[in-house]
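Letter by letter, the chains look like this.
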Amino acid sequence: MRRLSLVPVVFSACTRIPLMVNASVVHVQQRTVTPAHGTITSPQPGTPITNAQTGGEVISFGYTDSNWCHDGYSDVSVWLLNYAPNKGNINNTTGRFDDAVHQFGAYSIGNFGLPPKNPPPTTLSMPALTSPAYAPGASVYIAVVETATSCPPGNNIPPQYGTTSVELVIA
Ligand SMILES: *[C@@H]1O[C@H](CO)[C@@H](O)[C@H](O)[C@H]1NC(C)=O
Ligand SMILES: *[C@@H]1O[C@H](CO)[C@@H](O)[C@H](O)[C@H]1NC(C)=O
């Protein structure tokens, strides 16, 4: 109840109330991908992974959401891939990468000053990369999928997925 009563106050300067629109969604018919995405602020491109074979390396992580759809919360998922993704690599039924090396997790970024629910972590722990493909000099990519949930406003709006990534290099 506390959160429901907060929402209209927070959105008083906004033309949409997406959290309320979402409550009426019953069937999701068709999902799409979008070129819109936010920005991975950390790690920096080219960051070396020095103990890829054993895993457990702690990588700093930061992501600024695009929130082009003006959602109250932006759902994001964070992945490790062995290729640089574009929107065509996202499974448009699930919003996932079917061929990911690893999924770090799924999180929710509060927008418009809404209280955090499940914010992305500030560090990621790398899995062990034991395949010979992960030899020194090989690249892997941390990718983020951001989901927009209510554009255009209305009933039965499908999620729209966008992605961006940053390249890391096996040391
Ligand atoms: C979803 O992906 C499939 C397979 O790649 C493609 O045929 C279809 O057009 C896509 N649907 C949308 C809405 O983008
Ligand atoms: C997308 O994921 C669904 C559910 O896992 C799967 O059935 C489908 O084959 C995937 N689409 C493509 C294009 O691989």
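Residues numbered from 1 in each chain as written. Chains lettered and ligands numbered in written order. Predicted model: local features only at pLDDT ≥ 70, side-chain atom pairs only at ≥ 80, totals over all residues. Heavy atoms only, no water.

**Student:** Tell me about the site of ligand 2, and name the residues and values.
**Tutor:** Neighbouring residues of ligand 2: Asn91, Thr94 and Asp98. The side chain of asparagine 91 places a nitrogen or oxygen atom 2.3 Å from an oxygen atom of ligand 2. Aspartate 98 places a side-chain nitrogen or oxygen 3.4 Å from an oxygen atom of ligand 2. In the complex, 29% of the free accessible area of ligand 2, which totals 360 Å², lies under the protein chains. (Near = heavy atom within 4 Å. Polar contact = N/O pair within 3.5 Å; in protein donor to acceptor, adjacent residues only side chain to side chain. Areas by Shrake-Rupley, 256 points an atom, 1.4 Å probe, with all protein chains shown as cover.)

**Student:** How would you sum up the confidence of the model for the protein? Please name residues and give values.
**Tutor:** Model confidence for the protein is summarised by a mean pLDDT of 85, while 82% of its residues fall at 70 or above. Within the model, pLDDT remains below 50 along residues 1-29, and this stretch shows 36 contacts once partners closer than five positions in the same chain are excluded. (pLDDT = per-residue confidence, 0-100. Contact = heavy atoms within 4.5 Å.)

**Student:** Tell me what's going on with the pairing of strand E10 (residues 160-170), and back it up with residues and numbers.
**Tutor:** Within E10, eight of the 11 residues are buried, which leaves the element mostly enclosed by the surrounding structure. Bridge count for strand E1 (residues 32-33) against E10 is two bridges, and the pairing is parallel. Note that in E10 the partner of threonine 32 across the bridge is glutamine 160. Note that strand E3 (residues 47-49) and E10 share three bridges and pair parallel. Each bridged residue has a counterpart across the sheet, and for proline 48 the counterpart in E10 is valine 169. In this sheet, E10 lies alongside strand E9 (residues 139-148) in antiparallel orientation, the contact comprising 10 bridges. Pairing of alanine 148 across the sheet is with glutamine 160, part of E10. (Buried < 20%, exposed > 50% of the residue type's maximum accessible area, 1.4 Å probe, protein only. Helix = DSSP H or I, 4+ residues; strand = E, 2+ residues; numbered from the N terminus. Pairing = 2+ DSSP bridges.)

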